[in-house]
Amino acid sequence: MDLDLSWALIGLPLAFVLGWMASRLDVRQLRFENRTQPKAYFKGLNHLLNEQQDQAIDAFIEAVQQDPDTSELHFALGNLFRRRGEFERAVRIHEHLLARADLNQDDRHRARHALALDFLKAGLLDRAEDNLRQLLGTPIENQALLALLTIHERSRDWAKATEVAERLGQRGEARFENRQAHYLCEQANTLPADQVQAQISLLEQACQVSPQSVRPHLALAELLDRQGQTAAALQLRLDLARTMPRFVPLLAREMTRLALLEGQTDTVRDLLERHASEAPSLDIMEALVQLDQAAGLSDVQARYASHMDKEPSVVAAHLWVRHEPLVHESHRAALERALERAAQPLKRYRCAACGFEAQRHFWQCPGCQAWDSYPPRRIEEL
Ligand SMILES: [Zn+2]
């Protein structure tokens, strides 16, 4: 009994000391983890803020190795890989997240969305679409629909794009009528030239969906024009000029041609004169010169001079010089060449979103794919 008691006397303090040491060890371990993990995390964050993506990736890999259960770091790393164009690594991370049994439902949806974006960026549109369709009916349906819209636009599947835009519009998050009108116009463009009635019906539907969009009305006018219905085509353009005055420079040339055909030059001249005095435009100036010449007026110089009085314009100066006698005629060719070179880039149209320049006006920018990003005016007038 004495022996047992002495063991108890020694054992109890020993157990206490061992327990205390174990607890200290845990606390130290915890402190070590808490100290090292935020350090790697903040290091990564710091590199990100300094736009040093390679170093940020290294720091986040270190953080993920220290705590493989943290999903947020996996998301950060996956998104970084995608942004760097390392799609395979991004896909591996997001697939790994999806395979984890402990991931909650919201993070599972996020991971699937991220995976779809990896496939989208890698150009694997089918696989991206599959993953996005699995997100329909979930709380992130809107994000999935927006990404689906990008896929259908990129694959030029305008019927599917129209469907998705309609669904987004119904959800009321944003207005998609204008986009729907563009898709309907694109659908009409893809139809064979002899399916006139089907084209008209798509364009009329576009006008109905988005009455404030210029494009479907203009496309309808062009279609009627091609069908020889020039009076109706002119009337549509005149209506547009009244309801959408900003687009008159884009309408001016064809409106003038139709006015000459239909003998309605006075109406069009009045309209163009009014616009030219309110907001001078190179296209309107050219259209008025065309009307003057058709009426037998030879003094086109006055039009160019009047435009230059209102706006400093290299394009107008170039046109003016072509008809102006010079004291030193021998220098005409060199002068005209110099002015033409200076004027040429100023006659282009420029995307307001990405700066892409083009000889003609686009409804969707070929550079950045933005819709309605080209102002209806030439670069010189911006
Ligand atoms: Zn652009």
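Here, the structure is the one placed above.
Given the structure is predicted, the values throughout are model-derived calculations rather than measurements.

**Topic: the overall build of the protein chain**
A tally of helices and strands in the protein chain yields 18 helices and two strands. Burial statistics for the protein chain: of 382 residues in total, 41% are counted as buried. Restricting the contact set of the protein chain to residue pairs at least 6 apart, pairs at least 24 apart contribute 46%.

**Focus: the side chain of Glu186**
Along the chain, Glu186 falls in helix H9 (residues 177-190). Classification of Glu186 as buried rests on a relative accessible area of 10%. Residues within four places of Glu186 in sequence aside, it is in contact with Arg156, Trp158, Arg215 and Trp371.

**Section: the coordination of the zinc ion**
The protein atoms donating to the zinc ion are Cys351 (SG), Cys354 (SG), Cys365 (SG) and Cys368 (SG), with metal-donor distances spanning 2.3 Å. Sequence positions of the residues that donate to the zinc ion give the spacing C-x2-C-x10-C-x2-C. Here the residue Cys354 occupies a position in the loop between strand S1 (349-350) and strand S2 (357-358), and Cys368 occupies one in the segment after S2, the gap between them amounting to 14 residues. Its relative accessible area of 40% is what places Cys354 among the partly exposed residues.

**Comments concerning helix H8 (residues 158-171)**
Across its 14 residues, H8 extends 20 Å between first and last C-alpha, which sits within 8% of the 20 Å expected from 1.5 Å per residue. Considering only its buried residues, H8 is in contact with helix H7 (141-154) and H9. Of the residues trailing H8, Gly172 is marked for its positive phi of about 75 degrees.

**Quick notes on the nonpolar core**
Membership of the largest hydrophobic core comes to 46 residues, with the highest contact counts inside it found for Leu203, Met255, Val268, Leu271, Leu272 and Ile284. Elements with a contribution of two residues or more to this core: H9, helix H10 (196-209), helix H11 (214-226), helix H12 (230-243), helix H13 (248-262), helix H14 (265-278) and helix H15 (282-294). Here Leu203 is in contact with Cys185, Ala188, Pro216, Ala219, Leu220 and Leu223, once residues within four sequence places are set aside. Of all hydrophobic cores here, the second largest spans 29 residues; its members include Ala116, Leu125, Leu135 and Ala161.

**Focus: unusual backbone geometry**
Of note in the backbone geometry, Gln369 takes a positive phi value of approximately 65 degrees without being a glycine. Within the element layout of this structure, Gln369 appears in the segment after S2. The exposure class of Gln369 is partly exposed, given its relative accessible area of 42%. Residues other than glycine seldom take positive phi values, yet Asp372 does so here, at roughly 55 degrees. Mapping Asp372 onto the fold places it in the segment after S2. When its relative accessible area of 36% is taken as the criterion, Asp372 is described as partly exposed.

**Focus: a nonpolar patch on the surface**
Taken together, the side chains of Tyr41, Phe42, Leu45 and Leu49 present a nonpolar region at the surface, about 410 Å² in accessible area. Mapped onto the secondary structure, Phe42 falls in helix H1 (residues 2-49).

**Quick look at the pattern of salt bridges**
Across all of its chains, the model carries 26 salt bridges by this definition. A salt bridge links Glu357 to Arg350, with the shortest nitrogen-to-oxygen separation between them at 3.3 Å. Judged by relative accessible area, which is 30%, Arg350 ranks as partly exposed. Within this structure, Arg269, Glu273, Asp292 and Arg303 form a network of salt bridges that share partners.

**Brief notes about the packing of aromatic side chains**
Applying the stated rule across the entire model yields five aromatic pairs. Their ring planes at 75 degrees and their centres at 6.1 Å tell us that Trp158 and Trp371 sit as a pair that is edge-to-face. With a gap of 213 residues between them, Trp158 in helix H8 and Trp371 in the segment after S2 connect regions that are remote in the sequence. Three or more aromatic residues link up through ring pairs in this structure, and these residues are Trp158, Tyr183 and Trp371. For the cation-ring pair, Arg110 lies above Phe75, with the distance from its terminal atom to the ring centre recorded as 3.9 Å.

Parameters and conventions
- Residues numbered from 1 in each chain as written.
- Predicted model: local features only at pLDDT ≥ 70, side-chain atom pairs only at ≥ 80, totals over all residues.
- Heavy atoms only, no water.
- Helix = DSSP H or I, 4+ residues; strand = E, 2+ residues; numbered from the N terminus.
- Buried < 20%, exposed > 50% of the residue type's maximum accessible area, 1.4 Å probe, protein only.
- Contact = heavy atoms within 4.5 Å.
- Donors = N, O, S within 2.8 Å, 3.2 Å for Na, K, Ca; no water.
- Expected span 1.5 Å × (residues − 1).
- Core = buried A, V, L, I, M, F, W, Y, C linked by side-chain atoms within 4.5 Å.
- Patch = residues over 30% accessible without salt bridge, like charges linked within 9 Å, V, L, I, M, F, W, Y side chains within 5 Å.
- Areas by Shrake-Rupley, 256 points an atom, 1.4 Å probe, with all protein chains shown as cover.
- Salt bridge = Lys/Arg side-chain N within 4 Å of Asp/Glu carboxyl O.
- Phe/Tyr/Trp six-rings, centres within 6.5 Å; stacked < 30°, edge-to-face > 60°.
- Lys NZ or Arg CZ within 6 Å of the ring centre and 35° of its normal.

As far as function goes, none of this settles anything; it's purely spatial.
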